[in-house]
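Residue-level listing of the chains:
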Amino acid sequence: MPAGTLYRGREGMWSWVAHRVTGVLIFFFLFAHVLDTALVRVSPESYDTVIATYKTWPVNLMEYGLTAAILFHALNGLRVIAVDFWSRGPRLQKQMLWTVVGIWVVLMAGAFYPILEHTLLSWFGK
């Protein structure tokens, strides 16, 4: 496969950028998660304070964003594998990208209420 085949065109460039950005965001989440979990051994009171912060609406919105990042990164990663290892992959990479985006939108729409239920109920009531 010639160099640059995977990311040819505007869509390919943006999928490349989105894949890298979501990967970095996931890395920083994992780093923060390890640190806050380790906090329980240093100061259980501080750990409880941090966990209480996680129950706020801004953090709940970030959880939805984290879900979006993980889901896009995973689906796009499967597309990249298909492009790399399937003989027809390079020719169909644009169609596969739009399929990934469509699946991602549908799954994120389905995850909206289950993830944000607490925030939505606190904002708008029952």
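Scroll up a little and you will see the structure.
Keep in mind that what you see is a predicted model, and the values were worked out from it rather than measured.

## What to know about the layout of surface pockets
Reported here for the largest pocket is a volume of approximately 430 Å³. Along the wall of the largest pocket there are 14 residues; nearest its centre are Phe29, Val59, Met62, Glu63 and Leu66. Of all the secondary structure elements, the ones that give two or more residues to the lining of the largest pocket are α1 (9-42) and α3 (57-85). In terms of residue count, the dominant contributor to the lining of the largest pocket is α3 (7 residues). Here the residues of the lining of the largest pocket are counted per class, giving 9 nonpolar, 3 polar and 2 charged.

## Overview of the side chain of Ser15
Summarising the element assignment, Ser15 is placed in helix α1. Its relative accessible area of 3% is what places Ser15 among the buried residues. Among the polar contacts listed, one links the side chain of Ser15 to the side chain of Arg79, at a separation of 3.1 Å.

## Observations regarding the packing of aromatic side chains
A full pass over the atoms with the stated rule returns 5 aromatic pairs. Here Phe27 and Phe28 contribute two aromatic rings whose centre-to-centre distance is 5.5 Å and whose plane-to-plane angle is 65°, an arrangement assigned as edge-to-face. A ring pair is formed by Trp123 and Phe124, whose centres lie 6.2 Å apart and whose planes are at 90°; its orientation type is edge-to-face. Take Trp123: its relative accessible area is 43%, and that puts it in the partly exposed class.

Conventions used here
Residues numbered from 1 in each chain as written. Predicted model: local features only at pLDDT ≥ 70, side-chain atom pairs only at ≥ 80, totals over all residues. Heavy atoms only, no water. 1 Å grid on protein atoms, 1.4 Å probe; cavity = no way out; pocket = protein on both sides within 12 Å on 5 of 7 lines; lining within 4 Å. Points joined across faces, edges and corners; volume = space filled by probe spheres on them. Helix = DSSP H or I, 4+ residues; strand = E, 2+ residues; numbered from the N terminus. Nonpolar A, V, L, I, M, F, W, Y, C, P; charged D, E, K, R; others polar. Buried < 20%, exposed > 50% of the residue type's maximum accessible area, 1.4 Å probe, protein only. Polar contact = N/O pair within 3.5 Å; in protein donor to acceptor, adjacent residues only side chain to side chain. Phe/Tyr/Trp six-rings, centres within 6.5 Å; stacked < 30°, edge-to-face > 60°.

Purely spatial values, then, with no claim about function.
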